[in-house]
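Single-letter residue listing:
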Amino acid sequence: MDKDGQGREGSSATPAKPFLRALAGETLARPPVWLMRQAGRYLPEYRALRARAGSFLDLCYNPEFAAEVTLQPIRRYGFDAAIIFSDILVVPQALGRKLWFEEGEGPRLDPLTGPADVAALDASGIEAKLQPVYQAIRQTRATLPAETALIGFCGAPFTLACYMIEGGGSRNFLKVKQWAYGHPESFRRLVETLVQACVDHLDLQVRAGCDAVQIFDSWAGLLPEEQLFRWSVQPMQLIARGLRARHPDVPVIAFPRGVGPAALMYRRLPEFAALSIDTMIGAHWAAQELQPHIAVQGNLDPAMLIAGGEVMAHEVRRILGKLGGGRHIFNLGHGILPQTPPDHVARLVEIVRGWSSR
Ligand code: CP3
């Protein structure tokens, strides 16, 4: 889709979307706001549609329902960005792995057991198999307010490898670590396949109408720094570089969760427009060490959104006080939890909207 004239940076006819202005490095009077997992089980209208779809994956692969679920939090709260409703694990599934969700337990995959399984991954089916995702993006785009950005996403190779090798979540992720540390050549082949698949998937999401993308490395924090550089920083950089070779203006947000001060490794990479920070990184430290180099997204504890009231209001204002004076996108440090009262989200948005750095 040709997105010229939709208010992107540099077009003078329509003012650019606030979310894209922040990603372009502008400090706005008040930061744009959206929340990771903003479409989800805390919303009664999500639970209703999910029940009608049958399962979570049925919801993901039904373009009409996926578009509707993407729009639900935008209608309620008027967030500055929508994120397309899907999952990072649709990529391993499109590569030929079995994927299912156990009720209340999370994702399950048939685990990769060795180099032969890696060699059998087939990247040629991404476009055809993930058509429902691109169709959902086109449908969302058609109804999204002009000032609201649409975010596409993928999982980073290390996090995808975690689920693909462990066969789901894990307590200590020993299998994936043993593979990465003990057989780096074969692990590299897996990571390279995933980099290529992610570039293709992001490219197709942008062509369907996404304005920006986010790469989720939820398990990056498991890795010591040299391994982190090799299996998180570099592959994420390669994905961003591959996407930007095809779409030079599309901003990329990196979310390496749990990396602490190793966030410094990501901050100067020109491929990233923003760094999404979890709750363990101090807002003050981020303002000093990260924000001078890159826009910062985050970093409210999702549990604060459950607590609500004065404790939440205080924490939201504290984060705004530390980060709001620079290039900042207000968000959580990780996804919204299902126990979150929808009213508390409304209050959060009201506080951010009422705040001014000037
Ligand atoms: O609103 C949005 O943020 C967009 C949709 C989105 C989902 N998952 C929907 C979802 C996004 C961006 C993701 C990313 C994702 N998926 C990550 C990276 C971010 C993170 O949370 O660390 C990971 C690791 C996954 C894999 C995944 N999917 C897990 C571990 C789970 C189970 C945990 C849980 O919350 O139930 C899922 C399921 C999932 N993905 C749900 C949603 C709304 C819950 C599904 C349901 O039961 O309705």
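Note: the structure precedes this text.
Residues numbered from 1 in each chain as written. Predicted model: local features only at pLDDT ≥ 70, side-chain atom pairs only at ≥ 80, totals over all residues. Heavy atoms only, no water.

Draft legend 1. Seen up close, the nonpolar core. If you look at the biggest cluster of nonpolar residues, it comprises 131 residues, and the most contacted ones within it are F19, F187 and L190. Of all the elements, helix 11 (residues 184-208) adds the most residues to this core, at 12 residues. Excluding its chain neighbours within four sequence positions, the residues that come into contact with F19 are P32, W34, D80, A81, A149, I151, A212, I253, Q297 and I329. (Core = buried A, V, L, I, M, F, W, Y, C linked by side-chain atoms within 4.5 Å. Buried < 20%, exposed > 50% of the residue type's maximum accessible area, 1.4 Å probe, protein only. Helix = DSSP H or I, 4+ residues; strand = E, 2+ residues; numbered from the N terminus. Contact = heavy atoms within 4.5 Å.)

Draft legend 2. Quick peek at the environment of Q214. Within the secondary structure, Q214 sits in strand 5 (residues 212-217). Residue class for Q214 comes out buried when judged on its relative accessible area of 0%. As for Q214 and L275, which are separated by 61 residues in sequence, their C-alpha atoms are 9.4 Å apart. A distance of 3.0 Å separates polar atoms of two side chains, one belonging to Q214 and the other to Q297. (Polar contact = N/O pair within 3.5 Å; in protein donor to acceptor, adjacent residues only side chain to side chain.)

Draft legend 3. The site of the ligand, seen in detail. In the vicinity of the ligand, 23 residues are found, and the nearest of them are R37, R41, Y46, R50 and S218. In the model, an oxygen atom of the ligand is placed 2.7 Å from a nitrogen or oxygen of the R37 main chain. In the environment of the ligand, a nitrogen atom lies 2.7 Å from a nitrogen or oxygen atom belonging to the side chain of D87. Bound to the protein, the ligand loses 88% of the 870 Å² it would expose on its own. Sorting the residues of the shell around the ligand by element identifies helix 2 (44-53) and strand 3 (106-109) as the ones contributing at least two each. Here the residues of the shell around the ligand are counted per class, giving 14 nonpolar, 5 polar and 4 charged. (Near = heavy atom within 4 Å. Areas by Shrake-Rupley, 256 points an atom, 1.4 Å probe, with all protein chains shown as cover. Nonpolar A, V, L, I, M, F, W, Y, C, P; charged D, E, K, R; others polar.)

Draft legend 4. A look at the pairing of strand 6 (residues 252-256). Among the 5 residues in strand 6, 5 count as buried, and that is most of the element. Burial along strand 6 is two-sided: V252, A254 and P256 facing one way and I253 and F255 facing the other are all buried. Summarising the sheet, strand 5 and strand 6 pair through 5 bridges and their orientation is parallel. Bridging from a neighbouring strand, F216 pairs with F255 of strand 6. Between the parallel elements strand 5 and strand 6, the chain passes through helix 12 (residues 225-246) in a crossover that is right-handed. Here strand 6 runs beside strand 7 (residues 274-276); their pairing, made up of 2 bridges, is parallel. When the sheet's bridge partners are listed, A254 is paired in strand 7 with L275. (Pairing = 2+ DSSP bridges. Right-handed = clockwise from strand over helix to strand, strands pointing away.)

Draft legend 5. Examining the side chain of N299 more closely. Residue position: N299 is located in strand 8 (residues 295-300). Exposure remark for N299: the relative accessible area of 4% places this residue in the buried category. The contacts of N299, once residues within four sequence positions are left out, are I277, D278, T279, I281, G282, A283, I319, N331, L332 and G333.

Draft legend 6. Quick look at the environment of A197. On the secondary structure map, A197 appears in helix 11. Separated by 102 residues in sequence, A197 and L95 have C-alpha atoms that sit 8.1 Å apart.

Draft legend 7. Up close: the layout of surface pockets. The calculated volume of the largest pocket comes to roughly 1,300 Å³. Lining the largest pocket we find 41 residues, and of these R37, R41, F56, D87 and F101 sit closest to its centre. Listed by contribution, the elements that provide at least two residues to the lining of the largest pocket are helix 2, helix 3 (56-60), strand 2 (99-102), strand 3 and helix 9 (157-166). Examining the composition of the lining of the largest pocket, we find that 3 residues originate from one element, strand 3, more than from any other. Here the residues of the lining of the largest pocket are counted per class, giving 21 nonpolar, 11 polar and 9 charged. (1 Å grid on protein atoms, 1.4 Å probe; cavity = no way out; pocket = protein on both sides within 12 Å on 5 of 7 lines; lining within 4 Å. Points joined across faces, edges and corners; volume = space filled by probe spheres on them.)

Draft legend 8. Representation of the sheet that holds strand 8 within the structure. Spatially, 1-4-5-6-7-8-9 is the arrangement adopted by the 7 strands of the open sheet, whose pairing is parallel. Of all strands in the sheet, those with a lone pairing partner are strand 1 (81-83) and strand 9 (328-332), marking the two edges. The sheet shows a mean angle of 25 degrees between the axes of neighbouring strands, direction not considered. Strand direction decides the pairing type here: strand 8 and strand 9, joined by 5 bridges, are parallel. Bridged to V296 within strand 9 is H328. (Axes fitted to C-alpha atoms, helices over the stretch in contact; angles between N-to-C directions.)

Purely geometric stuff here, so don't read any function into it on its own.
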